[in-house]
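Spelled out from the first residue to the last, the chains are:
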Amino acid sequence: ACGACMSEARHLNNPYYNIHRLGFFMTPSPRAADILLIAGPLTDAMRLPLRKTYEAMPTPKRVVAIGACALSGGVFGPSFAAAGGVGDMVPVDVVVPGCPPPPLAILHGLLVVVERKPPAAAARPRRAPPAPRPPPVRPPHRPAILLSRC
(Lines give C-alpha, C1' and ligand atoms only; values in the text may rest on other atoms or scores of the structure.)
Protein backbone atom coordinates (compact mmCIF):
# COMPACT_ATOMS: atom_id res chain seq x y z
CA ALA A 1 0.00 0.00 0.00
CA CYS A 2 1.08 3.59 -0.50
CA GLY A 3 0.68 4.68 3.13
CA ALA A 4 -1.35 7.79 2.33
CA CYS A 5 -4.30 6.74 4.52
CA MET A 6 -2.05 6.20 7.54
CA SER A 7 -0.37 9.53 6.86
CA GLU A 8 -3.78 11.22 6.98
CA ALA A 9 -4.70 9.30 10.15
CA ARG A 10 -1.44 10.43 11.79
CA HIS A 11 -2.49 14.03 11.18
CA LEU A 12 -5.26 13.51 13.74
CA ASN A 13 -2.62 13.61 16.50
CA ASN A 14 -1.43 17.06 15.37
CA PRO A 15 -2.56 20.13 17.32
CA TYR A 16 -4.81 21.27 14.45
CA TYR A 17 -7.17 18.28 14.80
CA ASN A 18 -6.24 17.26 18.38
CA ILE A 19 -8.29 14.10 18.82
CA HIS A 20 -7.16 13.92 22.45
CA ARG A 21 -9.64 16.68 23.36
CA LEU A 22 -12.40 14.34 22.13
CA GLY A 23 -11.16 11.43 24.23
CA PHE A 24 -9.43 9.41 21.49
CA PHE A 25 -5.94 8.09 22.18
CA MET A 26 -3.76 5.96 19.90
CA THR A 27 -2.49 2.79 21.57
CA PRO A 28 -0.05 0.19 20.23
CA SER A 29 -1.74 -2.75 21.99
CA PRO A 30 -5.02 -4.29 20.84
CA ARG A 31 -5.77 -5.31 24.43
CA ALA A 32 -6.18 -1.64 25.37
CA ALA A 33 -7.98 -0.61 22.16
CA ASP A 34 -11.68 0.09 21.81
CA ILE A 35 -11.57 0.83 18.07
CA LEU A 36 -9.53 -0.90 15.37
CA LEU A 37 -8.61 1.54 12.59
CA ILE A 38 -7.69 -0.37 9.41
CA ALA A 39 -6.03 1.15 6.36
CA GLY A 40 -4.61 -0.54 3.29
CA PRO A 41 -5.51 -3.70 1.39
CA LEU A 42 -5.86 -7.05 3.12
CA THR A 43 -2.91 -9.07 1.85
CA ASP A 44 -2.52 -12.80 2.35
CA ALA A 45 0.34 -12.18 4.80
CA MET A 46 -1.86 -9.93 6.96
CA ARG A 47 -4.88 -12.26 7.28
CA LEU A 48 -3.66 -14.05 10.43
CA PRO A 49 -2.27 -10.92 12.19
CA LEU A 50 -5.53 -9.06 11.53
CA ARG A 51 -7.59 -11.95 12.90
CA LYS A 52 -5.38 -12.20 16.03
CA THR A 53 -5.55 -8.44 16.56
CA TYR A 54 -9.33 -8.44 16.27
CA GLU A 55 -9.68 -11.37 18.68
CA ALA A 56 -7.35 -9.72 21.23
CA MET A 57 -9.55 -6.63 21.49
CA PRO A 58 -11.96 -6.38 24.44
CA THR A 59 -15.67 -6.21 23.77
CA PRO A 60 -17.39 -4.21 22.36
CA LYS A 61 -15.20 -4.50 19.27
CA ARG A 62 -15.53 -1.61 16.84
CA VAL A 63 -13.81 -1.53 13.45
CA VAL A 64 -13.33 1.48 11.17
CA ALA A 65 -12.00 0.85 7.65
CA ILE A 66 -10.46 3.93 6.03
CA GLY A 67 -9.59 4.37 2.38
CA ALA A 68 -10.47 2.62 -0.85
CA CYS A 69 -7.86 -0.10 -0.30
CA ALA A 70 -9.39 -1.19 3.01
CA LEU A 71 -12.92 -1.11 1.59
CA SER A 72 -12.43 -3.02 -1.66
CA GLY A 73 -8.73 -3.65 -2.15
CA GLY A 74 -8.38 -0.48 -4.22
CA VAL A 75 -5.95 -0.76 -7.11
CA PHE A 76 -4.40 -3.86 -5.53
CA GLY A 77 -7.18 -6.32 -5.32
CA PRO A 78 -8.60 -8.74 -5.27
CA SER A 79 -5.53 -10.26 -6.88
CA PHE A 80 -2.93 -12.96 -6.28
CA ALA A 81 -1.40 -10.97 -3.39
CA ALA A 82 -4.42 -9.17 -1.94
CA ALA A 83 -7.72 -10.59 -0.77
CA GLY A 84 -9.65 -7.37 -1.34
CA GLY A 85 -11.43 -5.47 1.41
CA VAL A 86 -11.13 -6.13 5.12
CA GLY A 87 -14.89 -6.65 5.42
CA ASP A 88 -14.42 -10.25 4.30
CA MET A 89 -12.19 -10.98 7.31
CA VAL A 90 -13.60 -8.91 10.18
CA PRO A 91 -16.97 -7.16 10.62
CA VAL A 92 -16.64 -3.47 9.77
CA ASP A 93 -18.81 -0.97 11.67
CA VAL A 94 -17.96 2.26 9.82
CA VAL A 95 -16.34 2.82 6.43
CA VAL A 96 -14.59 6.05 5.45
CA PRO A 97 -14.22 6.18 1.65
CA GLY A 98 -11.56 8.13 -0.19
CA CYS A 99 -8.10 7.73 -1.58
CA PRO A 100 -6.86 8.98 0.84
CA PRO A 101 -9.71 10.23 3.00
CA PRO A 102 -9.09 13.64 4.59
CA PRO A 103 -8.44 13.75 8.35
CA LEU A 104 -11.83 15.36 9.04
CA ALA A 105 -13.59 12.44 7.31
CA ILE A 106 -11.62 9.99 9.46
CA LEU A 107 -12.53 12.02 12.56
CA HIS A 108 -16.18 11.96 11.52
CA GLY A 109 -15.98 8.17 11.15
CA LEU A 110 -14.52 7.86 14.65
CA LEU A 111 -17.30 10.04 16.09
CA VAL A 112 -19.93 7.97 14.26
CA VAL A 113 -18.57 4.67 15.59
CA VAL A 114 -18.75 5.89 19.20
CA GLU A 115 -22.23 7.29 18.50
CA ARG A 116 -21.39 10.92 19.21
CA LYS A 117 -22.42 12.02 15.72
CA PRO A 118 -25.06 10.77 13.27
CA PRO A 119 -23.94 9.18 9.98
CA ALA A 120 -23.33 11.35 6.93
CA ALA A 121 -26.26 12.82 5.03
CA ALA A 122 -25.97 10.19 2.28
CA ALA A 123 -26.73 7.44 4.80
CA ARG A 124 -29.76 9.16 6.32
CA PRO A 125 -33.20 9.25 4.72
CA ARG A 126 -33.86 12.45 2.83
CA ARG A 127 -36.23 14.98 4.35
CA ALA A 128 -38.49 17.41 2.57
CA PRO A 129 -36.70 20.67 1.71
CA PRO A 130 -37.33 23.51 4.14
CA ALA A 131 -39.72 26.29 3.21
CA PRO A 132 -38.07 29.31 1.57
CA ARG A 133 -37.21 32.13 3.93
CA PRO A 134 -38.43 35.67 3.34
CA PRO A 135 -35.73 38.15 2.38
CA PRO A 136 -34.16 39.97 5.34
CA VAL A 137 -35.42 43.45 6.11
CA ARG A 138 -32.64 46.03 6.18
CA PRO A 139 -32.98 49.64 7.23
CA PRO A 140 -32.62 51.99 4.25
CA HIS A 141 -29.72 53.92 5.78
CA ARG A 142 -27.45 50.84 6.17
CA PRO A 143 -25.99 49.38 2.99
CA ALA A 144 -25.52 45.61 2.71
CA ILE A 145 -21.87 44.70 2.35
CA LEU A 146 -20.66 41.54 0.65
CA LEU A 147 -17.25 40.30 1.75
CA SER A 148 -15.45 38.02 -0.66
CA ARG A 149 -12.31 36.09 -0.11
CA CYS A 150 -9.87 35.87 -3.00
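In what follows, the structure referred to is the one given above.
Just so it is clear, the model here is predicted, and its values are computed rather than measured. (Residues numbered from 1 in each chain as written. Predicted model: local features only at pLDDT ≥ 70, side-chain atom pairs only at ≥ 80, totals over all residues. Heavy atoms only, no water.)

S.K.: Explain the overall build of the chain here, please?
M.R.: Of the regular secondary structure elements, the chain holds four helices and three strands. Mapped from its N terminus to its C terminus, the chain presents α and β elements in the order α-β-α-β-α-β-α. When each of the 150 residues of the chain is scored for burial, the buried share is 30%. Of all intrachain contacts in the chain linking residues separated by at least 6 positions in sequence, the fraction that spans at least 24 positions is 69%. (Helix = DSSP H or I, 4+ residues; strand = E, 2+ residues; numbered from the N terminus. Buried < 20%, exposed > 50% of the residue type's maximum accessible area, 1.4 Å probe, protein only. Contact = heavy atoms within 4.5 Å.)

S.K.: What exactly am I supposed to notice about the sheet that holds strand 1 (residues 35-39) here?
M.R.: Where strands meet in a sheet, backbone hydrogen bonds hold them as pairs that are either parallel or antiparallel. On the basis of which strands lie adjacent, the open sheet formed by three strands has the order 1-2-3 and parallel pairing. Of all the strands in the sheet, just strand 1 and strand 3 (94-96) have a single pairing partner and so form its edges. Averaged over all pairs of adjacent strands, the angle between strand axes in this sheet comes to 20°, irrespective of strand direction. Where strand 1 meets strand 2 (residues 62-66), five bridges bridge the pair, whose relative direction is parallel. Counterpart to Leu-37 in the pairing with strand 2 is Val-64. Relative to the sheet, helix 4 (residues 103-113) contacts strand 1, strand 2 and strand 3, its axis offset from that of strand 3 by approximately 175°. (Pairing = 2+ DSSP bridges. Axes fitted to C-alpha atoms, helices over the stretch in contact; angles between N-to-C directions.)

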